[in-house]
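Working through the structure, step by step
What follows is the residue order along each chain.
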Amino acid sequence: LVSSEAHAVLRHSVTVTIGLVLGAILLGMLLGRKLTLPLRQLIHAAARVQRGQHNVQLPDHLPGELGVLARAFSDMAKGVQQREEGLAQLMVRLEQRVAERSAELRAQTDLLNLVIENINEGVIVVDPQGHPAKINRAAQQILDIEGTPEAFSEWRSTRRFLGGHPEGVIPLEQLPLARALQG
């Protein structure tokens, strides 16, 4: 009898212990999920922000430090989104200004080319290295060459031109007009 009573108490103790252990495990899982769910949401929100999706909202009703962290993260994402939108608007305005300025420069260049082409005096425009960039019709007729920079370069190579300087360009300070302007 003692042994069957002891056996019954032991069985009851084991059952209660197993019940308590299972209850503790279940309670731990529920509490763990309650704590890890907001962290997982924060991790997913961070990944979305990293991909450029800045309109993330995290629950701000979380208790303690998790709530503070969620609110701070949402505020940060909103700030990043506002800066991105500001930069996009700035980029659009900048591209418009570049397009407008490019159109103005093209118009000025076209006008200058028209004036150079139709002036009665011979004009040869050279780049900073002294290579011809434009030869107007009058210069072509005077030099008896066709109007390509290559034709002028060929013509120049057969003649002593621009003071016979080896590079084909007279230094600015040696030009009579530049010396006269300097006094």
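From a predicted model like this one, the values you see are computed outputs, not experimental measurements.

A closer look at empty space enclosed by the protein
- Inspection of the entire model under this criterion finds one cavity of 30 Å³ or more.
- Considering only enclosed or pocket space, the largest cavity measures out at about 40 Å³ in volume.
- As for the largest cavity, its lining consists of Pro38, Leu39, Leu42, Leu58, Leu62, Leu66, Leu69 and Ala70.
- Those elements giving two or more residues to the lining of the largest cavity turn out to be α1 (2–50) and α2 (64–118).
- Of the residues contributing to the lining of the largest cavity, the split by class is eight nonpolar, no polar and no charged.

Details of the confidence of the model for the chain
- Averaged over the chain, the pLDDT score is 81; the fraction of residues at 70 or greater is 81%.
- The least confident element of the chain is helix α5 (residues 176–182), whose mean pLDDT is 67; the most confident is α2, at 91.

Remarks on the pattern of salt bridges
- Under the defined criterion, the tally for this structure stands at three salt bridges.
- One salt bridge connects Glu104 with Arg101, and the closest N-O pair in it is separated by 3.0 Å. Taken together, the residues Glu104 and Arg101, both in helix α2 and three residues apart, mark about one turn of the helix.
- Under the relative-accessibility criterion, Glu104 is labelled partly exposed at 42%.
- The class for Arg101 is partly exposed, based on a relative accessible area of 41%.

Remarks on the nonpolar core
- Leu42, Ala45, Val49, Val56, Leu58, Leu62, Ala70, Phe73 and Ala77 together form the largest nonpolar core, which totals nine residues.
- Mapped onto this core, the elements with two or more residues apiece are α1 and α2.
- Non-local contacts of Leu58, meaning those with residues more than four positions away in its chain, are made with Gln41, Leu42, Ala45, Ala70, Phe73 and Ser74.
- Ala139, Leu143, Ile145 and Phe152 belong to the second largest nonpolar core, which has five residues in total.

How each quantity is defined
Residues numbered from 1 in each chain as written. Predicted model: local features only at pLDDT ≥ 70, side-chain atom pairs only at ≥ 80, totals over all residues. Heavy atoms only, no water. 1 Å grid on protein atoms, 1.4 Å probe; cavity = no way out; pocket = protein on both sides within 12 Å on 5 of 7 lines; lining within 4 Å. Points joined across faces, edges and corners; volume = space filled by probe spheres on them. Helix = DSSP H or I, 4+ residues; strand = E, 2+ residues; numbered from the N terminus. Nonpolar A, V, L, I, M, F, W, Y, C, P; charged D, E, K, R; others polar. pLDDT = per-residue confidence, 0-100. Salt bridge = Lys/Arg side-chain N within 4 Å of Asp/Glu carboxyl O. Buried < 20%, exposed > 50% of the residue type's maximum accessible area, 1.4 Å probe, protein only. Core = buried A, V, L, I, M, F, W, Y, C linked by side-chain atoms within 4.5 Å. Contact = heavy atoms within 4.5 Å.

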